[in-house]
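Letter by letter, the chains look like this.
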Amino acid sequence: PFWISFAILLTIFKLYKSQLKMKIEYQITKQDFLAFQLFFTSQSKQVKKIKLRSTIMLFAFFMIAAIFCYIKVNMFSTVYFLVFAILSIFIFPPLYKRKLKKDLIKFCEENYKNIGDLKTILEFEKESIYSKSKMGESRLNVSEIEKIDETELYFFIKLSNALTLIIPKSEIENADIVVHVFADD
């Protein structure tokens, strides 16, 4: 939800005031990239639209087959296709989700195979975020942060240049400070 993301952003700004500089060092693994891909697709309107459209098309196919069998006076096939039409509404979405996860695992294996454990350093300063890893270094303005999403295990900081910083909560040494700042509000 937006208010949680806003609260996280507010927390980071409060940390700026209290520490002027906050440094986080952590490892990113293939599993972290997979978690990001899964989160991203679960939030995607396009993926939701495709899943809904596919479910409706499958239901419509079985209903048309049932109507065709009813017209041909084949009651066994009519009932058969009606049952499959109803089951398709409940069975297809989880199957689609499982297939999507399988495809994302394959995608991550192919595209992140050379990354291994990627040591990353993030330094949050008053006006910027410094990022360093074996892939390169960059300094980003805090104003470039579009959105901060929090899951049970991660923070995903979406930037205006379409990049996302992945921060595993387990790797944050000073997570207690973040919780303490939340408690102050």
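Starting from 1, residues in each chain are numbered consecutively following that chain's sequence as written. At least 70 in pLDDT is required for a residue's local features to be given in this predicted model, at least 80 for side-chain atom pairs to be given and counted, and no such filter applies to totals for whole chains, interfaces and linings, which use all residues. Heavy atoms from the whole structure form the basis of all side-chain values; hydrogens and water molecules are not counted.

(A) Fine view of the side chain of Ser131. Strands here mean DSSP runs of E at least two residues long; helices mean DSSP runs of H or I at least four residues long; both are numbered from the N terminus. Looking at the element boundaries, Ser131 is found in strand E3 (residues 128-133). Contacts are assigned to residue pairs with any non-hydrogen atoms lying within 4.5 Å of each other. Every residue in contact with Ser131, bar those within four places of it in the chain, is listed here: Ile121, Leu122, Gly136, Glu137 and Ser138.

(B) Focus on unusual backbone geometry. In this structure, Val73 is a non-glycine residue whose phi angle is positive, near 60 degrees. Considering the arrangement of structural elements, one finds Val73 in the loop between helix H3 (45-71) and helix H4 (75-111).

(C) Main features of helix H2 (residues 30-43). Multiply 1.5 Å by the residue count of a helix minus one, and that product is the helix's expected span. When the terminal C-alpha atoms of H2 are compared, their 20 Å separation across 14 residues agrees well with the 20 Å that a helix rising 1.5 Å per residue should span. When we look at burial in H2, the residues that qualify are Asp32, Phe33, Leu34, Phe36, Gln37, Phe39 and Thr41. Note on classification: 1.4 Å probe, protein chains only; a residue is buried when its accessible area is under 20% of the maximum for its type, exposed when over 50%, partly exposed between these limits.

(D) Broad picture of the nonpolar core. With 29 residues, the main nonpolar core has Phe124, Ile157 and Ile167 as its most contacted residues. Where this core is concerned, the elements lending two or more residues are strand E1 (21-28), H2, H4, strand E2 (118-125), strand E5 (145-150), strand E6 (154-159) and strand E7 (164-168). Ranked by the residues each element gives to this core, the list is headed by E6, at five residues. When neighbours within four sequence positions are excluded, Ile167 is seen to be in contact with Tyr26, Leu122, Phe124, Leu153, Tyr154, Phe155, Ile157 and Ile172. The set of buried Ala, Val, Leu, Ile, Met, Phe, Trp, Tyr and Cys residues whose side-chain atoms join them within 4.5 Å is what this entry labels a nonpolar core.

(E) Local environment of the sheet that holds E5. For two strands to count as paired, DSSP must find a minimum of two bridges between them. With respect to topology, three strands assemble into an open sheet ordered E5-E6-E7, the strand pairing being antiparallel. Looking at the sheet topology across the chains shown, the edges are occupied by E5 and E7. The average undirected angle you get between the axes of adjacent strands in this sheet is 15 degrees. Relative to E7, E6 runs antiparallel, the two being bridged by five bridges. Directly across from Ile157, in E7, lies its bridge partner Leu165. Seen against the sheet, H2 touches E5, E6 and E7 and runs at an angle of roughly 65 degrees to E6. As a rule, the C-alpha atoms of each element are fitted with a line to give its axis, helices using only the stretch in contact, and angles between N-to-C directions run from 0 to 180 degrees.

(F) Highlighting the packing of H2 against H4. Following both chains from N to C, one finds H2 and H4 inclined at 140 degrees, their axes separated by 10 Å at the closest point. Relative to H4, the element H2 is oriented oblique. Pair H2 / H4 crosses with right-handed handedness. Together, Lys30, Phe33, Leu34, Gln37, Leu38 and Thr41 of H2 and Leu100, Lys101, Leu104, Ile105, Phe107, Cys108 and Glu109 of H4 make up the contact between the two elements. Class assignment for the residues of the contact of H2 with H4 results in eight nonpolar, two polar and three charged. For classification purposes, an angle smaller than 35 degrees is called roughly parallel, one larger than 145 roughly antiparallel, one from 65 to 115 roughly perpendicular, and anything else oblique. Crossing handedness is read from the near helix: turned anticlockwise from the far helix by less than a right angle, it gives a left-handed crossing, and turned clockwise, a right-handed one. Classes in brief: Ala, Val, Leu, Ile, Met, Phe, Trp, Tyr, Cys and Pro nonpolar; Asp, Glu, Lys and Arg charged; the others, Gly included, polar.

(G) Structural context of the pattern of salt bridges. Salt bridges are defined as contacts in which a side-chain nitrogen from Lys or Arg sits within 4 Å of a carboxyl oxygen from Asp or Glu. Counting across every chain of the model gives six salt bridges. One salt bridge connects Lys119 with Glu25, and the closest N-O pair in it is separated by 3.7 Å. Of this pair, Lys119 sits in strand E2 while Glu25 sits in strand E1, and the two are 94 residues apart along the sequence. Linking Lys147 and Asp149 is a salt bridge whose minimum nitrogen-to-oxygen distance equals 3.8 Å.

(H) Quick peek at H3. With 27 residues, H3 should cover 39 Å at 1.5 Å per step; its first-to-last C-alpha distance of 38 Å lies within 8% of that length. Turning to H3, its buried residues are Val47, Thr55, Phe62, Ala65, Ala66 and Cys69. Buried-residue contacts for H3 involve H2 and H4. Here a polar contact means two N or O atoms within 3.5 Å. Within protein one must be a hydrogen donor candidate and the other an acceptor candidate, and residues neighboring in sequence count only if both atoms are side-chain atoms. You can read the cap of H3 off the contacts: a side-chain oxygen lies 3.3 Å from the backbone nitrogen of Gln46, and it is on Ser44. Positioned one or two residues after H3, Val73 has a phi angle of 60 degrees, which is positive.

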